[in-house]
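# Summary of structural features
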Amino acid sequence: MLAPRLVGILALVVAGCAESGDAFDRRPPKPTPTAVTKAAPVDARKALVGTPSWPTSVDGPALKELSEAARRELAHSPVPVLVVDEPKLLRTAVITTGPHWYALSTKDGGLTTALHGTRLAHDYPEIPPARGRSEVRGRPAFITENEGIVSASWLENGVAYSLDLECFERQDTRCQGAAHVTAIANRLRYVGGEGGTR
Amino acid sequence: MKRVLAAVLLGVATLATTAYAEDFTFLPPGDLIAGSGDGRVDAKVYAPGLLFPIQGKAYANSQVYMTGGLYGPSGSQCAPVNFSYPWRDNYCEERSWDMPLCPAGTGHQGQDIRAASCEGNVHGAIAVVDGTITSIGSYSVYLTAPDGTRYDYLHMDSVQVSVGEKVKRGDLLGKVSNNFGGTSTSVHLHFNIKQNIANIGSVYVPPYLSLVTAYQATLSQPPRGALELADCERLVGWAFDPEKPGAAVAVELDVDATPPSNEAQLLADRERSDLCDTLGSCNHAFAAASPLSLFDGATHAVRLRAIDAEDATRHELLESPTTLACAPLELTGARRPLAEATATAWKLTSFWDELTADASALPEGKALPSAPKAFVDPSDAKLIWVLDGATRRKLAASDAPGWHMDPAALKDAGAAVLELAEGPPFPRRAVWVTVEGLAYVVDDAGGGGGGGNGTPSLPEPTDPEATSGGNSASASCAVHASTAGAPLAPAVGSMKNTTSIGALAIGGLLLVARRRRSRLRSR
């Protein structure tokens, strides 16, 4: 047989390929970089970034109850961080932060508590100012119920805060009416943030 | 170098309309069901650019005032009328609590949306934006965007995320369901958008038009992709269907405008890290050895088109069509008999792997192993060992597409494999030839199994991993699989400016094209 010992490769002798350039890069490029840190990717014409006023003293006992991870995270908060005044809830609280906001979530005894504070406001000139009919922390507040979740929202320190209480059982009175959410809101404690006193 | 700008890639895609896009209609914002309250007539899109929060078809309408609802016509919540267009706003529907943006000052905070069917825990709910999961309650998940806008998903089951987790737009959060903390509700997603409005504070804003535009965007986006590299060695690119971000898109290859056969398809299902951020998920790449049916010296027009699984429409990839002119190959080594079952097991097809060439001068070697058995070298992920008779033969992972293997799906070689004698390198790609009507695969090393001179006399292929659960490539090969993120073989670059004259001078023997239908040898 014609069997010369051809060690090695099958010589892929390729000739005359129409595509002759480099292995040019046709990968889909990354999206155009957008500001992802302090300048949030929102339409600047509608975004107003407020300058929070920072309380002068931190609630030490409340701060101490937070986990190390939560304390680390709150130090990055661009707004004053308010937390619930309940050691048991503080110990399991998860704090997250964004370029303009912080959030806290904690759950115990069939109740989920969520706090949120942001310094970025969306300005829609055609929407007139409005004041809440209720009051929390000595300020006008809106209190609303959303599918069994009771929420209070108010302005404080140049920041828009909201507090949401969600009960596992719909019959749970803590999520019925304004009393409990108002009481929780009134007892919130300031524990710091990136511009605050430590 | 050719570069394709993001705007082109993402914006030029043909705006084909899918079947369910054509019948999508919606009533104006604020047009609530009569007697259900005063809606907010507001043309503003408060959250532009959202991804629609439910996968597949969806129907926005009231859970309370539609059929089967507390104040709706009698019947089932699963009644077809509840799962039909037009959509209807139910923000500000009658409720008793503060809602400063509602005409009555009170009302429903969000929009109720039904998925494609009333089955619970089936239809996915996905992240509408990149963001952070900031709270998960008994039946709520809050997703907060970098600008502080909060998106609330209520009533889901099978929640897939945890508090503090960063998610990408399109990530699965959970399944649309009727979870309401032990209380009954219909299967739907209650979706809120909570924003800080200047001079008001954090309030629920109208989500309806944000959802309408998001849904329209989903409907109007056909599969798209790009042919990034096309030469005589490889076809590389990606394809993606925004309507089914988790699904693999089939790509059809059309040569010279002839109707493509079923074989002429690729599956864009390979993982590639550079796709993740742009597309929202990573498994949308394809790579294949260029079809040998093109290696005849002629110039061929090649088009690659993504197939929309919804309606079978074809959508041309960017940088397609192109042309390829590939010279016939010089064949050396031996031809190894190929049984029909073996061809099936190796996923060889006439379109991709058959070369029209005269291989009768090649000596006949041992049959190709009946099925591929291949393993990744545990110390070098770029190296694959292919079992051939009593030997293991090396194959670069970047050449795996030439054998329809996916290196990412192969198991690591165990000791039993690594103890085998090393044979000559495995051919870089499958080359199927026909001699006197019989099918063969060309082995440049001469016929396989360990001898390598074309006249081996070796034992039948064995599987040394059989008792240890070793994986065979036949179980995991994807059809025309890619390199799973491996860099392109240097050979691609080395082909540049290769001239036919030089190639011919080296090759010496150009084989005369002789196309004939192969008759597979049965063994």
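### Examining the overall build of chain B
Regarding its fold elements, chain B presents 10 helices and 27 strands. Burial statistics for chain B: of 523 residues in total, 59% are counted as buried. At a minimum sequence separation of 6, the contacts of chain B that also span at least 24 residues come to 70%.

### As for the pattern of salt bridges
Under the definition given, this model contains 37 salt bridges over all chains. A salt bridge links A:Glu68 to A:Arg71, with the shortest nitrogen-to-oxygen separation between them at 3.0 Å. Taken together, the positions of A:Glu68 and A:Arg71, both in helix H2 (residues 68–74) and 3 residues apart, correspond to about one turn of that helix. By relative accessible area, A:Arg71 is classed as partly exposed at 24%. Where B:Lys394 meets B:Glu422, a salt bridge forms, and the shortest distance between an N and an O atom there is 3.6 Å. Remark: B:Glu422 occurs in strand S25 (residues 421–422) and B:Lys394 occurs in strand S24 (residues 391–396); sequence separation between them is 28 residues. Members of the salt-bridge network, linked through shared partners, are A:Glu126, B:Arg40, B:Asp42 and B:Lys44.

### A few points about helix H4 (residues 179–186) of chain A
Residues and elements named next belong to chain A. Within the sequence span of H4, burial applies to Val 181, Thr 182, Ile 184 and Ala 185. One side of H4 holds all its buried residues, which, seen down the axis, span an arc of 165°. Contact partners of the buried residues in H4: strand S7 (134–136), strand S8 (139–146), strand S9 (149–156) and strand S10 (159–167).

### Observations regarding the confidence of the model for chain A
Mean pLDDT over chain A: 80, with 76% of residues reaching 70 or higher. This model gives residues 1–45 of chain A a pLDDT under 50, and the stretch forms 117 contacts once residues within four places in sequence are excluded.

### With respect to the side chain of A:Arg137
Residue and element names in this part refer to chain A. Tracing the backbone through its elements, the reader meets Arg 137 in the loop between S7 and S8. Here Leu 188 takes part through its backbone oxygen, which lies 3.2 Å from a polar atom of the side chain of Arg 137. Non-local contacts of Arg 137, meaning those with residues more than four positions away in its chain, are made with Leu 82, Trp 154, Glu 156, Ala 185, Asn 186, Arg 187 and Leu 188.

### Comments concerning unusual backbone geometry
Put simply, B:Tyr85 and B:Pro86 share a cis peptide bond, and its omega is 10°. Topologically, B:Pro86 is positioned in the loop between strand S1 (59–60) and strand S2 (111–114). The amide bond that connects B:Ser320 to the next residue, B:Pro321, takes the cis arrangement and shows omega of 5°. Tracing the chain through its elements places B:Pro321 in the loop between strand S19 (314–316) and strand S20 (322–325). Phi is positive for A:Glu147, which is not a glycine, with a value near 50°. Turning to its location among the elements, A:Glu147 is positioned in the loop between S8 and S9. Taking relative accessible area as the criterion, A:Glu147 reaches 16% and is therefore assigned buried. Positive phi, normally seen in glycine, also occurs at B:Asn199, with a value near 70°. Mapped onto the elements of the fold, B:Asn199 is located in the loop between strand S10 (189–197) and strand S11 (201–205).

### Re the nonpolar core
Residue and element names in this part refer to chain B. Counting residues in hydrophobic clusters, the biggest one holds 54 residues, and the most contacted among them are Leu 50, Phe 52, Trp 87, Leu 143, Tyr 151, Tyr 153 and Phe 191. Of all the secondary-structure elements, those providing two or more residues to this core are S1, strand S4 (131–136), strand S5 (140–144), strand S6 (150–154), strand S9 (172–176), S10, S11 and helix H3 (208–219). Broken down by element, this core gets its largest block of residues, 7 residues, from H3. Filtering out sequence-adjacent residues up to four positions away, Phe 52 remains in contact with Ala 58, Trp 87, Ile 113, Ile 126, Val 128, Leu 211, Ala 214, Tyr 215 and Thr 218.

### As for the state of the cysteines
Inspection of every chain in the model, using the stated rule, returns 5 disulfides over all chains. Disulfide pairing is shown between A:Cys167 and A:Cys175; the S-S distance is 2.0 Å. With the S-S dihedral at roughly 85°, the linkage between A:Cys167 and A:Cys175 falls on the right-handed side. Both residues of the pair, A:Cys167 and A:Cys175, belong to the buried class. Two residues, B:Cys78 and B:Cys118, share a disulfide whose sulfurs are 2.1 Å apart. Measuring handedness by torsion sign, the sulfur bridge of B:Cys78 and B:Cys118 sits at about 100° and is right-handed. Taken together, the residues span a long stretch of sequence, with B:Cys78 in the loop between S1 and S2 and B:Cys118 in the loop between S2 and strand S3 (124–126) at a distance of 40 residues. Residue B:Cys118 is classed as partly exposed on the basis of its relative accessible area, which comes to 26%. Each disulfide of chain B joins two cysteines, and with those cysteines numbered along the sequence the arrangement is 1-4, 2-3, 5-8, 6-7.

### A word on the sheet that holds strand S5 (residues 111–118) of chain A
All names here are of chain A. Within the open sheet, the 7 strands sit side by side as S3-S4-S5-S10-S9-S8-S7. Their pairing is antiparallel. If you trace the sheet from one side to the other, it starts and ends with strand S3 (94–97) and S7, each paired once. On average, adjacent strands in this sheet sit at an angle of 25° to one another, irrespective of strand direction. By the bridge criterion, 4 bridges tie S3 to strand S4 (residues 101–108) in an arrangement that is antiparallel. Bridge assignment links Thr 97 to a residue of S4, and that residue is Tyr 102.

### Here's the deal with the sheet that holds strand S16 (residues 270–271) of chain B
Strand order in the open sheet formed by 4 strands is S12-S13-S17-S16 (chain B), with antiparallel pairing between adjacent strands. Where the open sheet ends on each side, the last strands, each with one partner, are strand S12 (224–230) and S16 of chain B.

### What to know about the packing of aromatic side chains
All names here are of chain B. For the coordinates displayed, the defined rule picks out 21 aromatic pairs over all chains. Considering the side-chain rings of Tyr 65 and Tyr 71, the 5.6 Å spacing of their centres and the 40° angle between planes classify their relative orientation as tilted. Its relative accessible area of 56% is what places Tyr 71 among the exposed residues. An aromatic cluster is built from Phe 24, Phe 26, Phe 52, Tyr 59, Phe 83, Tyr 85, Trp 87 and Tyr 215, whose rings are joined through pairwise contacts.

### Considerations on the environment of B:Trp385
Here B:Trp385 shows up in strand S23 (residues 380–388). For B:Trp385, the residues in contact, after removing those within four places along its chain, are B:Lys373, B:Ala374, B:Phe375, B:Asp377, B:Arg392, B:Arg393, B:Lys394, B:Ala413, B:Val417, B:Leu418 and B:Glu422.

### Looking at the pairing of strand S15 (residues 265–268) of chain B
Residue and element names in this part refer to chain B. On S15, burial follows the alternation: Leu 266 and Ala 268 on one face are buried, whereas Gln 265 and Leu 267 on the facing-out side are not. Pairing of strand S14 (residues 249–255) with S15, which is carried by 4 bridges, proceeds in the antiparallel orientation. Bridge pairing in S15 links Val 251 to Leu 266.

### Topic: H3(B)
Residues and elements named next belong to chain B. For H3, with 12 residues, the first-to-last C-alpha span of 16 Å sits near the 16 Å given by 1.5 Å per residue. Across the 12 residues of H3, 9 count as buried, placing the element largely inside the fold. Along H3, the residues that are buried comprise Tyr 208, Leu 209, Ser 210, Leu 211, Val 212, Ala 214, Tyr 215, Thr 218 and Leu 219.

### A few points about the confidence of the model for chain B
Residues and elements named next belong to chain B. The pLDDT averaged across chain B works out to 81; a share of 81% of its residues lies at or above 70. In this model residues 1–21 is a low-confidence stretch, pLDDT under 50, and it forms 52 contacts with partners more than four residues away in sequence or in other chains. Per-residue pLDDT stays below 50 along residues 449–523; that stretch engages in 196 contacts with residues further than four places along the chain or on separate chains.

Rules and cut-offs
- Residues numbered from 1 in each chain as written.
- Chains lettered and ligands numbered in written order.
- Predicted model: local features only at pLDDT ≥ 70, side-chain atom pairs only at ≥ 80, totals over all residues.
- Heavy atoms only, no water.
- Helix = DSSP H or I, 4+ residues; strand = E, 2+ residues; numbered from the N terminus.
- Buried < 20%, exposed > 50% of the residue type's maximum accessible area, 1.4 Å probe, protein only.
- Contact = heavy atoms within 4.5 Å.
- Salt bridge = Lys/Arg side-chain N within 4 Å of Asp/Glu carboxyl O.
- Arc of directions from axis to C-beta.
- pLDDT = per-residue confidence, 0-100.
- Polar contact = N/O pair within 3.5 Å; in protein donor to acceptor, adjacent residues only side chain to side chain.
- Core = buried A, V, L, I, M, F, W, Y, C linked by side-chain atoms within 4.5 Å.
- Disulfide = S-S within 2.5 Å.
- Pairing = 2+ DSSP bridges.
- Axes fitted to C-alpha atoms, helices over the stretch in contact; angles between N-to-C directions.
- Phe/Tyr/Trp six-rings, centres within 6.5 Å; stacked < 30°, edge-to-face > 60°.
- Expected span 1.5 Å × (residues − 1).

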